[in-house]
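The chain contents come next:
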Amino acid sequence: MTDTARPDQLLEMYTAMVRIRRFEERVRELYANGRIPGFIHLSIGQEAVAVGVCAALRRDDYLLSTHRGHGHLIAKGGSLRALMAELYGKATGCCKGKGGSMHVADASVGFLGANGVLTAGCVLAPGVGLSIQLRKTDQVAVAIFGDGAANRGPFHEGVNLAALWRAPVVFVCENNWWASTTAHAVSTAGGSIAARAAGYGIPGVALDGNDGLAVFKACSDAVARARRGEGPSLIEAQTIRWMGHYEGDPQLYRGKEEAVEGRRRDPVALLRDYLEGKKLLDAAHVELIETAVRAEIEDAVAFAEASPLPDSRAALEDLFAYYPWRE
Amino acid sequence: MALLDYAGALNLALREEMSRDPRVYVIGEDIVLGVPFGVTKGLIEEFGPERVRNAPISEAAIVGSALGAALTGMRPVVDMHFADFVTCAMDEVANQIAKSRYMFGGQVDCPLVLRMPYGIGKSAGGHHSNSVESWFLNIPGLKIAIPSTPRDARGLLKTAIRDPDPVMVFEHRGLYRVVGEVPDDEELIPLGCADVKRPGEDVTVIATARMVHAALEAADLLAQEGISAEVVDPRSLVPLDRETLAASVAKTHRIVIAEEGPIRGGAGAWLAWVVMEECFDDLDAPIARVAGPNVPIPFSPPLEAACTPDAEAVVAACRQVLK
Ligand SMILES: Cc1ncc(C[n+]2csc(CCOP(=O)(O)OP(=O)(O)O)c2C)c(N)n1
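Residues numbered from 1 in each chain as written. Chains lettered and ligands numbered in written order. Predicted model: local features only at pLDDT ≥ 70, side-chain atom pairs only at ≥ 80, totals over all residues. Heavy atoms only, no water.

**Structural notes on the environment of B:Ile144**
All names here are of chain B. Rules: Numbering goes from the N terminus for both helices and strands, where a helix is a DSSP run of H or I of at least four residues and a strand is a run of E of at least two. Note on definitions: a residue-residue contact is assigned when non-hydrogen atoms from the two residues lie within 4.5 Å.
Relative to the helices and strands, Ile 144 is located in strand 6 (residues 143-145). As a C-alpha pair, Ile 144 and Pro 199 span 55 residues in sequence and 25 Å in three-dimensional space. Ignoring sequence-local partners within four residues, the contact set of Ile 144 consists of Glu 133, Phe 136, Leu 137, Met 168, Phe 170, Ser 236, Leu 237 and Val 238.

Here it is, written out as structure tokens:
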């Protein structure tokens, strides 16, 4: 690992990774206990992508995320309370209980939604980029999507359009080598997603997505390029999904080796060891971070538990800005 | 009052709104030259390539990018080229645009317009002729305007561009060269405000877009027999002006609903339900519907004509409800 981040940034990144890891673990538990309705896709093992990308972003930059988006929202600075309450389907959730795990959104931190439809963000992103260009700000839009999603047409349309417009967009493929039960190798021609960038005349890099600092470095470069008005980039961050595709997935399509490999390449441990080696972190400090993060998460759980469910009348609200008519 | 055709009136609306609000831009395939209908012609000279954007043939990205821009402070107006091609951007319309505000719990505005050139005409065949407005009626979260005259086209498009929600404007291809009076002064026509295009006493014809003209022609024919038909144009399907429809039915007690698309699942079925709900007791006869047959639009002129509901069909339906 090598770093280009400041010490305070490095510690923040580590804390964010721990925050995502503990949050997801807690969600897993709460889901198993029936506290959370719907489907859950966890990002355990993939924290370095979320954190590496978001560490390169400002609060006013935009992020378009996926069905596996809790970590992305946390890394972007979204409120844990509002996120947890949304997973619970509570009125205090970031989407007032109208989104849920697969569709969490928090516009206040530029998080323009997880998405239940794969690759949706890839075509929204050039438009966000265009909006930035027309408004003449120096913001950046990032679209994260899975390796499976890269095989849908909107990936190609979106990258082409962003490249054509030299839009300030970074496309980040979170390659965990699986699209549900279907392996990358049997679904993705050409073998490399990063290589597809060449076809659109933009930079494409593949890197170790368990190495948060590598992700941070690549994303910082891509963001800087975008802010300079030089157009989009494609980053393929290769990582490992530790858990099932969804909570409850029996994972009949893969053996145990991947989980073992995943733990060997644990992004949280990798960053911790690196920071300990640099004397930026020690066991006591790690413990402090753990304690603080757990407190934040328990606070979010307590908030979600104590929050009211939405009034059923709210189901008919928020469709339009105003309703001057009877449906 | 100026005389403008429907395309010219839409062009005027775009020019007025783009002059008024720098956040408005237009995007679509071949729009710089305004091909094929001329609606966006000349905008490039006035507003430049930043705001008049020719896009590659990427319907998903054109429509999806409009959403991205709308969520972050812009007011895009998408030219769908032919409404038929919205199928290539159906996720963007149905899952993303329509649902953003709702699924975000009301956090965001989504001010974008999808201009939908649609409808039968000139043997365009099965991929360039469809009346698809009914598909979107079944998708909560979209507003649907459907102008029949140049004046309405201009006033409704202007309102659509200023609306904080997504609005689809269905522009009938067969109307682009229809000329009508358009006020010199700015005019905004609210959504959800029906217009009585011709007052009458004996029967009400509720019709949209091209069928308004067929209904007016039918009313002329019926007048020769001493039958007085009222023609009501809802002008928008979402929101829908229930009151004006109900008031007309309360007066005539007999109603025909006319649209161009296939009869099965068409907007007319929804309008018939609304009428029944609002004023069943006022009805003296079952509601009649005029619509296309349940087939794709065929190419050959006689076949196309056979699938094009016209004034005669409206006359026949009026006679039926007056029996
Ligand atoms: C357009 C679309 N097709 C199919 C699905 C169902 N689906 C949800 S997640 C998934 C696999 C996605 O794989 P990938 O993009 O690699 O993301 P990952 O789950 O590995 O994070 C599938 C097929 C969907 N949500 N959207």
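**Structural notes on the environment of B:Met18**
Residue and element names in this part refer to chain B. Inspection of the secondary structure assignment puts Met 18 in helix 1 (residues 6-20). Separated by 147 residues in the primary sequence, Met 18 and Asp 165 place their C-alpha atoms 18 Å from one another. Those residues in contact with Met 18, other than ones at most four positions away along the chain, are Val 24, Tyr 25, Val 26, Leu 43, Phe 47, Arg 51 and Val 52.

**Topic: the sheet that holds strand 11 (residues 229-233) of chain B**
Residues and elements named next belong to chain B. To keep it simple, the criterion reads: Criterion used throughout: strands pair if DSSP finds at least two bridges between them. Axis lines are fitted to C-alpha atoms, over the contacting stretch for helices. Their N-to-C directions set the angle, which ranges from 0 to 180 degrees.
Within the open sheet, the five strands sit side by side as 9-11-10-13-14. Their pairing is mixed. Taken across any chain shown, the strands that pair with only one partner, and hence form the sheet edges, are strand 9 (195-198) and strand 14 (288-292). Looking at each pair of strands side by side, their axes are set apart by 25 degrees on average, direction ignored. When strand 9 meets strand 11, the two strands line up antiparallel, connected through three bridges. Counted as the bridge partner of Arg 198 is Val 231 from strand 11. Against the sheet, helix 10 (residues 267-279) engages strand 10 (203-207), strand 13 (255-262) and strand 14, with an angle of about 155 degrees to strand 13.

**A closer look at the environment of B:Arg235**
Residue and element names in this part refer to chain B. Position of Arg 235 among the secondary structure elements: in the loop between strand 11 and strand 12 (236-238). When the C-alpha positions of Arg 235 and Met 276 are compared, they lie 20 Å apart, and in sequence the two are 41 residues distant. When residues no more than four places from it in sequence are discounted, the contact partners of Arg 235 are Ala 145, Ile 146, Pro 147, Asp 152, Leu 156, Ile 189, Cys 193, Ala 194, Asp 195 and Lys 197.

**With respect to the interface of chain B and chain A**
Keep this limit in mind: Reported buried area values correspond to the accessible surface (1.4 Å probe) lost by two parts on association, with both partners' losses combined. Only one rule defines a salt bridge in this text: a Lys or Arg side-chain nitrogen within 4 Å of an Asp or Glu carboxyl oxygen. Each polar contact in these results corresponds to two N or O atoms within 3.5 Å; when the atoms are within protein, one needs to be able to donate a hydrogen and the other to accept it, and residues that are neighboring in sequence are counted only if both atoms are side-chain atoms. Classes in brief: Ala, Val, Leu, Ile, Met, Phe, Trp, Tyr, Cys and Pro nonpolar; Asp, Glu, Lys and Arg charged; the others, Gly included, polar.
At the junction of the two partners, chain B supplies 42 residues and chain A supplies 43 residues. The junction of chain B with chain A conceals about 3500 Å² of combined surface from both sides, 64% of it contributed by carbon and sulfur atoms. Per-residue buried area on chain B facing chain A is highest for B:Thr72, B:Tyr102 and B:Met103; these three make up 18% of the total on that side. Summed over the shared surface of chain B and chain A, the result is one salt bridge. When the shortest N-O distance is used, the salt bridge between A:Lys136 and B:Glu50 registers 3.9 Å. Between the two partners, chain B and chain A, sit 14 residue pairs in polar contact (both at pLDDT 80 or more). At the level of elements, strand 2 (24-28), helix 3 (59-71), helix 4 (90-97), helix 5 (100-103) and helix 10 of chain B are the ones that each hand at least two residues to the side of chain B that touches chain A. Take the side of chain B that touches chain A: its biggest share by element is nine residues, from helix 3 of chain B. Of the residues contributing to the side of chain B that touches chain A, the split by class is 20 nonpolar, eleven polar and eleven charged.

**Observations regarding the nonpolar core**
Heads up, the rule is: Residues grouped as a nonpolar core are buried Ala, Val, Leu, Ile, Met, Phe, Trp, Tyr and Cys residues, joined through side-chain atoms within 4.5 Å. Buried, partly exposed and exposed residues are distinguished by accessible area as a fraction of the type maximum, computed with a 1.4 Å probe on protein chains only: under 20%, between the cut-offs, and over 50%, respectively. Note that the domain bounds reflect an automated or database-derived domain assignment.
Ranked by internal contacts, the top residues of the largest apolar core, which has 192 residues, are A:Met84, A:Phe171 and B:Phe136. When residues of this core are assigned to their parent elements, the largest contribution, eleven residues, is made by helix 1 (residues 7-32) of chain A. Here this core spans two domains, since at least three of its residues come from each of domain 1 (2-182) and domain 2 (195-322) of chain B. In contact with A:Phe171, other than residues within four places in its own chain, are A:Cys122, A:Ala125, A:Ala143, A:Phe145, A:Gly158, A:Val159, A:Ala162, A:Pro232, A:Ser233, A:Leu234 and A:Ile235.

**Brief notes about the packing of helix 9 (residues 242-252) of chain B against helix 10 of chain B**
When two helices pack together, their arrangement is captured by the angle between the axes and the distance separating the axes. All names here are of chain B. Stated precisely, the cut-off is as follows: Angles below 35 degrees are treated as roughly parallel, those above 145 as roughly antiparallel, those between 65 and 115 as roughly perpendicular, and all remaining angles as oblique. Note on convention: near helix rotated counterclockwise from far helix by under a right angle means a left-handed crossing. Clockwise means right-handed.
Here helix 9 crosses helix 10 at 70 degrees, and the two axes come no closer than 10 Å. In terms of orientation, helix 9 lies roughly perpendicular with respect to helix 10. The two elements helix 9 and helix 10 meet at a crossing, and its hand is right-handed. Along its contact with helix 9, which presents Arg 242, Leu 245, Ala 246 and Val 249, the element helix 10 presents Trp 270, Leu 271, Val 274, Val 275, Glu 277, Glu 278 and Cys 279. When its residues are assigned to classes, the contact of helix 9 with helix 10 shows eight nonpolar, no polar and three charged.

**Section: the site of the ligand**
Residues and elements named next belong to chain A. Using the following cut-off: Near, as used in this document, describes a residue that has one of its heavy atoms within 4 Å of the molecule or strand being considered.
As a structural note, the neighbourhood of the ligand is formed by 15 residues, with His 67, Arg 68, Gly 148, Asn 176 and Trp 178 the closest of them. Between the ligand and the protein, one listed contact pairs an oxygen atom with a side-chain N or O atom of Arg 68 at 2.7 Å. Within the contact set of the ligand, a nitrogen atom lies 2.8 Å away from a backbone nitrogen or oxygen of Gly 116. Residue composition of the shell around the ligand, by class: five nonpolar, seven polar and three charged.

The analysis is restricted to geometry; functional conclusions fall outside its scope.
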